[in-house]
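If you want the building blocks of each chain, they are given just below.
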Number of protein chains: 4
Amino acid sequence: MQPHQTRLRVRYAETDQMGVVYYANYLVWMEVGRVEYCKALGFRYKDMELEDGVLLAVVEAQCRYLYPARFDEDVVVETRVTAANLRMVTFGYEMRLPDGARKLATGATKHLFCNRGMKPVRMPAKYWAAFGVK
Amino acid sequence: MQPHQTRLRVRYAETDQMGVVYYANYLVWMEVGRVEYCKALGFRYKDMELEDGVLLAVVEAQCRYLYPARFDEDVVVETRVTAANLRMVTFGYEMRLPDGARKLATGATKHLFCNRGMKPVRMPAKYWAAFGVK
Amino acid sequence: MQPHQTRLRVRYAETDQMGVVYYANYLVWMEVGRVEYCKALGFRYKDMELEDGVLLAVVEAQCRYLYPARFDEDVVVETRVTAANLRMVTFGYEMRLPDGARKLATGATKHLFCNRGMKPVRMPAKYWAAFGVK
Amino acid sequence: MQPHQTRLRVRYAETDQMGVVYYANYLVWMEVGRVEYCKALGFRYKDMELEDGVLLAVVEAQCRYLYPARFDEDVVVETRVTAANLRMVTFGYEMRLPDGARKLATGATKHLFCNRGMKPVRMPAKYWAAFGVK
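Let me sum up the structure you'll find in this document.

What counts, and at which threshold
Residues numbered from 1 in each chain as written. Chains lettered and ligands numbered in written order. Predicted model: local features only at pLDDT ≥ 70, side-chain atom pairs only at ≥ 80, totals over all residues. Heavy atoms only, no water. Pairing = 2+ DSSP bridges. Helix = DSSP H or I, 4+ residues; strand = E, 2+ residues; numbered from the N terminus. Axes fitted to C-alpha atoms, helices over the stretch in contact; angles between N-to-C directions. Least-squares fit on C-alpha atoms with pLDDT ≥ 70 in both. Contact = heavy atoms within 4.5 Å. 1 Å grid on protein atoms, 1.4 Å probe; cavity = no way out; pocket = protein on both sides within 12 Å on 5 of 7 lines; lining within 4 Å. Points joined across faces, edges and corners; volume = space filled by probe spheres on them. Nonpolar A, V, L, I, M, F, W, Y, C, P; charged D, E, K, R; others polar. Phe/Tyr/Trp six-rings, centres within 6.5 Å; stacked < 30°, edge-to-face > 60°. Buried < 20%, exposed > 50% of the residue type's maximum accessible area, 1.4 Å probe, protein only. Buried area = accessible area lost by both parts, 1.4 Å probe. Salt bridge = Lys/Arg side-chain N within 4 Å of Asp/Glu carboxyl O. Polar contact = N/O pair within 3.5 Å; in protein donor to acceptor, adjacent residues only side chain to side chain.

Some points on the sheet that holds strand β1 (residues 4–9) of chain B
Consideration 1: Taking strand neighbours across the sheet as the criterion, the 10 strands line up as β1(B)-β3(B)-β4(B)-β5(B)-β2(B)-β2(C)-β5(C)-β4(C)-β3(C)-β1(C) in an open arrangement whose pairing is antiparallel. Here the strands that pair on one side only, and so sit at the sheet edges, are β1 of chain B together with β1 (4–9) of chain C. Between one strand and the next, the sheet's axes are offset by a mean angle of 25°, whatever the strand orientation.
Consideration 2: As paired elements, strand β3 (residues 74–84) of chain B and strand β4 (residues 88–96) of chain B share 8 bridges and run antiparallel to each other. Bridging across to β4(B), B:V77 finds its partner in B:M95.

Next comes the structure, spelled out in structure tokens:
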């Protein structure tokens, strides 16, 4: 599966008094990348929750901040699946300015497939192909 | 019912590049005041949702910003019920620095009692006294 | 000046445990609408801050919540200037689902022109035309 | 230097439609722990920014999510400095329910000392003792 690129624009709300984007907001951008990546894979994360009752509970997240993003900049979030099995999936992210010259941050999130009661479950078979699991 | 005071400290995350608290965060503080107010009234908002399946859906919110709050300041949120009937309740808020000299903001939120399906319901009888409804 | 429409997609981060968008986030969406509106008017809000040292400090905000927005929905934010003079400007907002049939919320924000020290200043002459002030 | 404990209460705003705290908010809690830790060390982070013009720019953050935090729970954030030199400092965090039985998350953030222009600088001498650097 190819990495997927989505684009967003930095909101004023996302900055802090340092004049740059507050560090926790990069994790929100990773979520945006992840959701759009699922659409590119052929399903909606929303439907996985609503129809299959399967949630992607985050068990680990990390981010390296390379260059500060600023208000009103366009940011490209490139998302890929870096590992997946029947129990979990790991996404990798790269955030950069659109010209491609400036990398802002890299990150990763690891998720467990869970039911609505937050108990681990196996990935439903219909998603195996999308996540490259067989 | 007396107004209730709760105190919070401004987080770095709550500031923006103007160097002051981002305006939407005052509504978060109103929620903090509201939740603590309910405790002072003798019940937990959490239990109302979990046990009675009753939610306080916001139908209106407003805030007047008088003086900017800044990082690491202590803020007192004073909350009161300004109107209530079997269908809705209105809270009023005043946010100020602890010395009392400086008023930061005033606000109000109006809520409908709803069930989990977001349909309007009557306030359960057990809350009538707390909200001054009979 | 015509109202300006901008579009955004509801983030998971913007929902709360009620399963709908948390009420303070509508004010963030108003900010997104406002910033894009300024671009449609012919200038960048960012430049007004950076180059002219003029900030639009919020003095009042209000929102009426008509129908709950949900995760992954597209939301159209329609923004217009409803009043403006040399000291302040008021924006009006309407948020709805893209089909136009469902209105989610309406709101307004009133702003004072301020310098970096948060003192009121007059709107720079170069913005008079954009805001319809003469 | 002993680890420092600070306590906060989960806000409704911090939950998402999964019914638990949204994962990016744990980084906000780490910031709360970090700021209070500095006070325990004998200085205010705010003053370091304002008086010395020194910022702690985040270069890396990570979090492991062990058990979901829920609305209105009290959370203890235990913060410590795990590494420090003249250029950077690393904080470690442990978040748990107050009874101590349930660990919610662990995390770490690594920071560069920077000036207001976001350029790396040496830690001012007055902070050496607090961070255990000589």
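Remarks on the relation of the copies chain D and chain A
Each of the two chain copies can be brought onto the other by rotation about an axis and movement along it.
Consideration 1: Take chain D, turn it by 180°, move it 0.0 Å along the axis, and it overlays chain A with an RMSD of 0.0 Å. Taken together, the rotation angle and the small translation identify this as a two-fold axis. Taking C-alpha positions as the reference, the residue of chain D nearest the rotation axis is D:Q62, at 2.0 Å.
Consideration 2: Interface residue correspondence from chain D to chain A reaches 100%, placing this contact among same-surface, isologous pairings.

Overview of empty space enclosed by the protein
Consideration 1: For the structure shown, the criterion picks out 2 cavities of 30 Å³ or more.
Consideration 2: Within this model, the largest cavity holds a volume of roughly 700 Å³.
Consideration 3: Every residue lining the largest cavity is counted, 29 residues in all, and those nearest its centre are A:N25, B:N25, C:A13, C:N25 and D:N25.
Consideration 4: Taken as a whole, the second largest cavity spans an internal volume of roughly 30 Å³.
Consideration 5: Lining the second largest cavity are A:L27, A:A61, A:Q62, A:C63, D:L27, D:A61, D:Q62 and D:C63.
Consideration 6: Elements with a contribution of two residues or more to the lining of the second largest cavity: β2 (55–65) of chain A together with β2 (55–65) of chain D.
Consideration 7: For the lining of the second largest cavity, the class distribution of residues is 6 nonpolar, 2 polar and no charged.

Here we look at the environment of A:E73
Residues and elements named next belong to chain A.
Consideration 1: Tracing the backbone shows E73 in the loop between β2 and β3 (74–84).
Consideration 2: Note: C-alpha distance between E73 and L97 (24 residues apart in sequence) is 7.6 Å.
Consideration 3: In contact with E73, other than residues within four places in its own chain, are L8, R9, V10, P68 and L97.

A closer look at the packing of aromatic side chains
All names here are of chain A.
Consideration 1: As enumerated under the stated definition, the model contains 52 aromatic pairs over all chains in all.
Consideration 2: On the basis of an interplanar angle of 85° and a centroid distance of 5.1 Å, the ring pair of Y26 and Y65 is categorised as edge-to-face. Of this pair, Y26 sits in helix α1 (residues 25–41) while Y65 sits in strand β2, and the two are 39 residues apart along the sequence.
Consideration 3: With relative accessibility at 10%, the residue Y65 sits in the buried group.

Quick notes on helix α2 (residues 45–52) of chain B
Consideration 1: Of the positions making up α2(B), those classed as buried are B:Y45, B:K46, B:M48 and B:E49.
Consideration 2: Contacts from the buried residues of α2(B) go to α1 (25–41) and β2 (55–65) of chain B.

Focus: the relation of the copies chain C and chain B
Consideration 1: At an RMSD of 0.0 Å, chain C and chain B line up after a rotation of 180° and a shift of 0.0 Å along the axis.
Consideration 2: Here 100% of the interface residues in chain C have copies in chain B that are interface residues too; the copies meet face to matching face.

Notes on the interface of chain C and chain B
Consideration 1: Opposite the 27 residues of chain C that make contact, chain B presents 27 residues.
Consideration 2: Between chain C and chain B, roughly 2,200 Å² of surface is buried when both sides are summed, and carbon and sulfur atoms account for 60% of that area.
Consideration 3: Counting every contact that joins chain C to chain B gives 2 salt bridges.
Consideration 4: For B:R64, the salt bridge identified is with C:E60, shortest N-O distance 3.7 Å.
Consideration 5: Seen at the junction of chain C and chain B, the total is 12 residue pairs in polar contact (both at pLDDT 80 or more).
Consideration 6: If you list the elements that add at least two residues to the side of chain C that touches chain B, you get α1 (25–41), α2 (45–52) and β2 (55–65) of chain C.
Consideration 7: When residues in the side of chain C that touches chain B are grouped by element, the largest group, 10 residues, is from β2(C).
Consideration 8: Tallied by class, the residues present in the side of chain C that touches chain B amount to 18 nonpolar, 3 polar and 6 charged.

Quick notes on the interface of chain D and chain A
Consideration 1: Chain D puts 27 residues into the contact, and the matching count from chain A is 27 residues.
Consideration 2: With both sides pooled, the region where chain D packs onto chain A buries about 2,200 Å², and carbon together with sulfur makes up 60% of that total.
Consideration 3: Joining chain D to chain A, the criterion identifies 2 salt bridges.
Consideration 4: Between chain D and chain A we count 12 residue pairs in polar contact (both at pLDDT 80 or more) in total.
Consideration 5: Looking at the side of chain D that touches chain A, the elements that each hand over two or more residues are α1 (25–41), α2 (45–52) and β2 of chain D.
Consideration 6: Broken down by element, the residue count for the side of chain D that touches chain A peaks at 10 residues, all from β2(D).
Consideration 7: Across the side of chain D that touches chain A, the residue classes tally to 18 nonpolar, 3 polar and 6 charged.
Consideration 8: Pairing geometry for β2(A) and β2(D), over 5 bridges, is antiparallel. In the sheet register, A:E60 faces β2(D), and the bridge partner there is D:R64.

Things to note about unusual backbone geometry
In terms of backbone geometry, most residues other than glycine have negative phi values and most peptide bonds are trans.
Consideration 1: Phi at A:M118 takes a positive value of approximately 65°, unusual for a residue other than glycine.
Consideration 2: Among the structural elements, A:M118 can be located in the loop between β5 (103–114) and α3 (128–131).

Some details on the sheet that holds strand β1 (residues 4–9) of chain D
Two strands in a sheet stick together by hydrogen bonds in their backbones, pointing the same way (parallel) or opposite ways (antiparallel).
Consideration 1: Strand order across the open sheet formed by 10 strands is β1(A)-β3(A)-β4(A)-β5(A)-β2(A)-β2(D)-β5(D)-β4(D)-β3(D)-β1(D), with antiparallel pairing between neighbours. Only two strands of the sheet have a single partner each, and these edge strands are β1 (4–9) of chain A together with β1 of chain D. Sheet twist, expressed as the mean angle between neighbouring strand axes with direction ignored, is 25°.
Consideration 2: Where β2(A) lies against β5(A), 10 bridges are found, and the strand directions are antiparallel. Among the inter-strand pairings, A:L56 is bridged to a residue of β5(A), identified as A:F113.

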